[in-house]
Amino acid sequence: RPLYDPKASEQARYRALFNRAALLVYGGSGLRLTEGITLRRDKVDPRGFLTVIAKGGVEQVRIAPDEVIAAVQDWVVAYTEWEKHDSPWVFPGKNPAVHLARGAMQTRIRELFKLASIQGAKVHSLRHTVGAQLRALNSDLRDIQDVLGHKDVKTTQLYTQMASEELRSRLPKRNLGIAQRRLM
């Protein structure tokens, strides 16, 4: 068996680009699971916006950091080169005419959390993290509401309070400082 297998290396790169794009779509933009898997390639605006189909089938434009846009673009290029065909979806399923299944994305994100020693987390945990991080940065609740696509600011208020508590409970204790460990 050769020491270096270019095909295996390319496959690892391909998988890493998928992982990066998925984590950033959810953890960088705060999309819901379905919003991410149904994201169409033509709805990724390089100026920093994602147009998603939100709850109730309503189309919403969400702000996306440059890192999210770059990760999605890198993944789409890699997918097209690797699979040798286009798909309308950012995250296509086995049949490129259909988007990736909810369970498939949830499973992959859970595998990544497990690799990071974060137990019990799922895609929605990344959404909580976005809200909690924005709140920690003293972002206005209306801005957080826009980022997360909530219709009612009351949802955003509850969400960010929950996110802070959930994030703290899911962090591995080795990442906590001495004072924080005493509180747990």
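All figures in this text were calculated on a predicted structure; none of them were measured in a lab. (Residues numbered from 1 in each chain as written. Predicted model: local features only at pLDDT ≥ 70, side-chain atom pairs only at ≥ 80, totals over all residues. Heavy atoms only, no water.)

Trainee: Mind laying out the side chain of E35, listing which residues take part and the relevant values?
Mentor: Relative to the assigned elements, E35 resides in helix 2 (residues 33-37). Among the polar contacts made by the side chain of E35, one reaches the side chain of R62 at a distance of 2.9 Å. Sequence-distant contacts of E35, that is, excluding residues within four places in its chain, are made with V52, I53, A54, K55, R62 and R127. (Helix = DSSP H or I, 4+ residues; strand = E, 2+ residues; numbered from the N terminus. Polar contact = N/O pair within 3.5 Å; in protein donor to acceptor, adjacent residues only side chain to side chain. Contact = heavy atoms within 4.5 Å.)

Trainee: An account of the packing of aromatic side chains is needed here, citing residue identities and associated values.
Mentor: Counting across every chain of the model gives 5 aromatic pairs. Aromatic rings pair up to connect Y14, F18, W75, Y79, W82 and F91 into one cluster. (Phe/Tyr/Trp six-rings, centres within 6.5 Å; stacked < 30°, edge-to-face > 60°.)

Trainee: Break down the sheet that holds strand 3 (residues 59-63) for me, citing the residues and quoting the values.
Mentor: If you walk across this open sheet you meet the 3 strands as 1-2-3, and the pairing is antiparallel. Across the chains shown, the open sheet's two edge strands, defined by having one partner strand only, are strand 1 (44-45) and strand 3. Sheet topology note: the strand 2 (residues 49-53)/strand 3 ladder contains 5 bridges and is antiparallel. Its bridge partner being in strand 3, L50 is matched across the sheet by R62. (Pairing = 2+ DSSP bridges.)

Trainee: Account for the environment of A54, naming residues and giving values.
Mentor: Note on placement: A54 falls in the loop between strand 2 and strand 3. Taking relative accessible area as the criterion, A54 reaches 8% and is therefore assigned buried. Residues A54 and E35 lie 19 residues apart in sequence; the distance between their C-alpha atoms is 6.1 Å. Non-local contacts of A54, meaning those with residues more than four positions away in its chain, are made with R32, E35, Q60 and R62. (Buried < 20%, exposed > 50% of the residue type's maximum accessible area, 1.4 Å probe, protein only.)

Trainee: Explain the pattern of salt bridges to me, and be specific about the residues and the numbers.
Mentor: Evaluation of the coordinates by the stated rule reveals 10 salt bridges. The salt bridge involving R20 is made with D74; its shortest N-O contact spans 3.2 Å. Of the two residues, R20 is situated in helix 1 (residues 6-29) and D74 in helix 3 (residues 66-83); the sequence distance between them amounts to 54 residues. Exposure remark for R20: the relative accessible area of 35% places this residue in the partly exposed category. Residues R41 and D86 are paired through a salt bridge, measuring 3.7 Å at the closest nitrogen-oxygen approach. Within this pair, whereas R41 is found in the loop between helix 2 and strand 1, its partner D86 is found in the loop between helix 3 and helix 4 (102-115), the two being separated by 45 residues in sequence. D86 gets classed as exposed once you look at its relative accessible area, which sits at 56%. If you follow the salt bridges from partner to partner, you end up with R15, R108 and E111 in one network. (Salt bridge = Lys/Arg side-chain N within 4 Å of Asp/Glu carboxyl O.)

Trainee: Which residues make up the pairing of strand 2, and what values go with them?
Mentor: Sheet topology places strand 1 next to strand 2; 2 bridges connect them, and they run antiparallel. Residue pairing for strand 2: V44 is matched across the bridge by L50. With antiparallel pairing between neighbouring strands as the criterion, strand 1 and strand 2 make up a hairpin whose turn holds 3 residues, including G48 at a positive phi of roughly 110°. The hairpin turn running from strand 2 into strand 3, its antiparallel successor, is 5 residues long, and G56 in that turn takes a positive phi close to 80°.

Trainee: Provide a residue-level description of a nonpolar patch on the surface, including the pertinent values.
Mentor: On the surface, F49, V61 and I63 cluster together into a nonpolar patch covering about 270 Å² of accessible area. When you line up the elements, F49 lands in strand 2. (Patch = residues over 30% accessible without salt bridge, like charges linked within 9 Å, V, L, I, M, F, W, Y side chains within 5 Å. Areas by Shrake-Rupley, 256 points an atom, 1.4 Å probe, with all protein chains shown as cover.)

Trainee: Outline unusual backbone geometry, listing residues and values.
Mentor: Phi angles above zero are rare outside glycine, and S117 is one such case at about 60°. Topologically, S117 is positioned in the loop between helix 4 and helix 5 (123-136).

Limitation: the analysis is restricted to geometry and does not speak to function.
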